[in-house]
Amino acid sequence: MILVSIFLAFLKIGFLGFGGGYAMLTMILDESLNLGLSLSQFADLNALDMLIPGPIAINAATYVGYLSGDITGAMLATIAVCIPSFVLVSLFHYFSKYIQKNKKIQYFMESIKPSAVGLIASAAFTLALGVIFDVQSINELLNTTISTTIIFPAIVFIACAIANIKFDINPIFLTLFAGVIGYFIYYI
Amino acid sequence: MDKKNIDWILFKVFLIAGTFTFAGGLAMLPVIEKDIVKKYKLMSREAFLDDAIMAQTIPGVVALNCACFVGKKCNGMRGMLAASLGSILPAFFLMLIATILYDYIPQEGPLQMAFVGVRAASVAFVLAAAITLGKHNLKNMYAWCIMLCSFLLIVLFNIQAPFVIVGAGIFGVFYFSLLNKRRPS
């Protein structure tokens, strides 16, 4: 049964996956929580995505599929997320000129792009709640007492955000560096 | 060039692009363009850019969409299959190996703290992705409103992301259609 759920979840993500890799990652966040992954496991997916080459959605399908359904799950998820491309390209291949000139499709795309930004921001928000505060929703956040365990992840989050956004430092380097720092912090 | 040769070239170009570009599908397009257009001269630059735009217009994995369009144009169904296999296989196998290894790592002691660091860092890069994309796509009030509404619908009302983005697109069709009817330019 889980294999069917995996297949359907990624088929849906493929067919509704507008807005590129990170927007699709937001959709995968929803589905992977439904499939029984934890928020931390999803955050680890993000880190692995950074370290492993290839399209984000295919990496994510392989990872989520494997963790919830082993190697069969990984293959099914990857095939499912790829099927829409084959179907849609075969269908639209002849109409490519028409599609690019069609006003309605331009309006559609004009709104999809900012929406994708909102989607990705929401994924960042949900992940930040889970990874830094260890809560699932805003309500939960208001009801928890803040403890000292948030200090280390909060500092890493802010430092990496500034280092990457302002100073354009390589994310792979920052990810590995954060891991090494964490390893040594354990001994303090 | 004979047909078998074209299939092999398509497979190779997309395989190499998939193996050596990090940070997702969009980063692959320039690499693929260089090989397909300049090195092997399988299609003109205009035809490739056409495909690249279409790959981002239809839903799904951008790099794979691009492989399908380019493959189809170069050598029909067979070309499409060759190019798409090239773009899928490296990501699938490398990620599978990485996931299996990751599954083996015991998350306790100092390694658990290492994971806390890695996770917190990765959240920062999702935020960075939103900001980078925002710089390109949030150029007027309308775009800001759509972005904010999408964000709030997901965070506050738990609406599923795929429906939010498709909903935004449909809203845009009605909004701009009405706007242009009222003020014919």
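Residues numbered from 1 in each chain as written. Chains lettered and ligands numbered in written order. Predicted model: local features only at pLDDT ≥ 70, side-chain atom pairs only at ≥ 80, totals over all residues.

1. Focus on the overall build of chain B
What counts is decided by this rule: Here a helix means four or more residues in a row that DSSP labels H or I, a strand means two or more in a row labelled E, and each is numbered from the N terminus. Atoms counted for the radius of gyration: C-alpha only. Globule rule: 2.2 Å times residue count to the power 0.38. Burial is judged by counting other C-beta atoms within 10 Å of a residue's own C-beta: 20 or more means buried, 12 or fewer means exposed, and anything between counts as partly exposed, with every C-beta placed from the backbone.
Per the secondary structure count, chain B includes 7 helices and 0 strands. Its helices and strands taken in sequence order, chain B reads α-α-α-α-α-α-α from the N to the C terminus. The C-alpha radius of gyration computed for chain B amounts to 21 Å, which surpasses the reference 16 Å derived for 185 residues by more than 25%, pointing to a less compact arrangement than a globule. In terms of principal-axis extent, the alpha carbons of chain B reach across some 65 × 55 × 25 Å. Here chain B holds 185 residues, and 49% of them are scored as buried.

2. Quick look at the overall build of chain A
What counts is decided by this rule: Throughout, a pair of residues is in contact if the C-beta atoms placed from their backbones lie within 7 Å.
Check the secondary structure of chain A and you find 9 helices and 0 strands. Going residue by residue from the N terminus, the α and β elements of chain A occur as α-α-α-α-α-α-α-α-α. Once the C-alpha set of chain A is aligned to its principal axes, its extents read approximately 65 × 40 × 35 Å. Looking at chain A as a whole, 52% of its 188 residues are labelled buried. Put simply, of all contacts in chain A between residues at least 6 apart along the chain, 60% involve residues at least 24 apart.

3. Side note on the interface of chain A and chain B
What counts here: Any residue that is not Ala, Val, Leu, Ile, Met, Phe, Trp, Tyr, Cys, Pro, Asp, Glu, Lys or Arg is counted as polar, Gly included; the first ten are nonpolar and the last four charged.
Contact residues are listed per partner, giving 91 residues for chain A and 81 residues for chain B. Broken down by secondary-structure element, the contributors of at least two residues to the side of chain A that touches chain B are α1 (2-16), α2 (21-34), α3 (39-51), α4 (56-92), α5 (96-101), α6 (103-133), α8 (151-165) and α9 (171-185) of chain A. Counting residues per element, the side of chain A that touches chain B draws most heavily on α6 of chain A, at 24 residues. For the side of chain A that touches chain B, the per-class residue count stands at 61 nonpolar, 24 polar and 6 charged.

4. Some thoughts on the domain arrangement of chain B
As a reminder of what qualifies: Start and end positions for the domains come from either an automated domain assignment or a database one.
Taken domain by domain, chain B comprises domain 1 (3-104) and domain 2 (110-182). For domain 1 of chain B and domain 2 of chain B, the distance between their C-alpha centroids amounts to 27 Å.

5. Concerning the packing of α9 of chain A against helix α5 (residues 110-137) of chain B
Applicable threshold: Every angle, taken between N-to-C directions, lies between 0 and 180 degrees, and every axis is a line fitted to C-alpha atoms, over only the stretch in contact when it is a helix. Convention used here: angles under 35 degrees read as roughly parallel, angles over 145 as roughly antiparallel, angles from 65 to 115 as roughly perpendicular, and any remaining angle as oblique. Crossings are sorted by hand: turned counterclockwise from the far helix by less than a right angle, the near helix makes the crossing left-handed, and turned clockwise it makes it right-handed.
Where α9 of chain A contacts α5 of chain B, the axes come no closer than 7 Å and their chain directions differ by 150°. Here α9 of chain A lies roughly antiparallel to α5 of chain B, going by the angle between them. For the crossing formed where α9 of chain A meets α5 of chain B, the hand is right-handed. Facing α9 of chain A, whose interface residues are Pro-171, Leu-174, Thr-175, Ala-178, Gly-179, Ile-181, Gly-182, Tyr-183 and Ile-185 of chain A, α5 of chain B presents Pro-110, Leu-111, Met-113, Ala-114, Val-116, Gly-117, Val-118, Ala-120, Ala-121, Ser-122 and Phe-125 of chain B. Residues belonging to the contact of α9 of chain A with α5 of chain B are distributed by class as follows: 15 nonpolar, 5 polar and no charged.

6. Section: the environment of Val-156 of chain A
Mapped onto the secondary structure, Val-156 of chain A falls in helix α8. C-alpha separation for the pair Val-156 of chain A and Ile-181 of chain A, spaced 25 residues apart in sequence, amounts to 9.3 Å. With residues near it in sequence (within four places) discarded, Val-156 of chain A still touches Ala-178 of chain A together with Gly-117, Ala-120 and Ala-121 of chain B.

7. Focus on α6 of chain A
All names here are of chain A. Filter applied, for reference: A helix is expected to span 1.5 Å multiplied by its residue count minus one.
Helix length check: α6 (31 residues) gives 45 Å between terminal C-alpha atoms against 45 Å at 1.5 Å per residue, within 8%. For α6, the buried fraction is high: 22 of the 31 residues fall into the buried class. Looking one or two places after α6, you find Asp-134, whose phi comes out positive at around 60°.

8. Overview of unusual backbone geometry
All names here are of chain A. For Asp-134, which is not glycine, the phi torsion reads 60° and is therefore positive. Residue class for Asp-134 comes out partly exposed when judged on the 16 C-beta atoms lying within 10 Å of it. Phi is positive for Asp-168, close to 60°, though the residue is something other than glycine. By the secondary structure assignment, Asp-168 is in the loop between α8 and α9.

9. A few points about the packing of α6 of chain A against helix α7 (residues 161-182) of chain B
When two helices pack together, you describe them by how their axes are tilted relative to each other and by the distance separating the axes. Packing of α6 of chain A against α7 of chain B leaves a shortest axis separation of 7 Å and a crossing angle of 140°. As the angle between them shows, α6 of chain A and α7 of chain B are arranged oblique. For the element pair α6 of chain A and α7 of chain B, the recorded crossing hand is right-handed. Where α6 of chain A abuts α7 of chain B, its residues Lys-104, Tyr-107, Phe-108, Glu-110, Ser-111, Ile-112, Ser-115, Ala-116 and Leu-119 of chain A lie against Ala-161, Val-164, Ile-165, Ala-168, Gly-169, Phe-171, Gly-172, Val-173, Phe-176 and Ser-177 of chain B. Residues of the contact of α6 of chain A with α7 of chain B, tallied by class, amount to 12 nonpolar, 5 polar and 2 charged.

10. Topic: the nonpolar core
The criterion, for reference: Under the definition applied here, buried Ala, Val, Leu, Ile, Met, Phe, Trp, Tyr and Cys residues are grouped into a nonpolar core through C-beta atoms within 7 Å.
Counting residues in hydrophobic clusters, the biggest one holds 120 residues, and the most contacted among them are Val-81, Ile-120 and Ala-124 of chain A together with Cys-66, Val-123 and Val-126 of chain B. Examining the composition of this core, we find that 17 residues originate from one element, helix α4 (residues 62-104) of chain B, more than from any other. Mapped onto the domain boundaries, this core takes at least three residues apiece from domain 1 (3-104) and domain 2 (110-182) of chain B. Residues contacting Val-81 of chain A, with those up to four places away along its chain left out, are Phe-10, Ile-13, Gly-14, Ala-57, Ile-58 and Ala-61 of chain A together with Val-61 of chain B.

11. Re α3 of chain A
The end-to-end C-alpha distance of α3 of chain A is 19 Å, a good match for the 18 Å that 13 residues give at a rise of 1.5 Å each. For α3 of chain A, the full list of buried residues reads Phe-42, Ala-43, Asp-44, Leu-45, Asn-46, Ala-47, Leu-48, Asp-49 and Met-50 of chain A. On its buried face, α3 of chain A sits against α2, α4, α6 and α9 of chain A together with α4 and α5 of chain B.

12. Examining the confidence of the model for chain B
The criterion, for reference: The predictor rates its confidence in each residue with pLDDT, a number between 0 and 100.
When pLDDT is averaged along chain B, the result is 89; 95% of the residues meet or exceed 70. Across the interface, the model reports ipTM at 0.90; the global pTM reads 0.90.

13. Overview of the environment of Ala-67 of chain B
All names here are of chain B. Examined against the element boundaries, Ala-67 turns out to sit in helix α4. Once the C-alpha coordinates of Ala-67 and Asp-51 are considered, the two residues, 16 residues apart in sequence, prove to be 8.9 Å apart. Ignoring sequence-local partners within four residues, the contact set of Ala-67 consists of Phe-14, Ala-83, Ser-84, Gly-86 and Ser-87.

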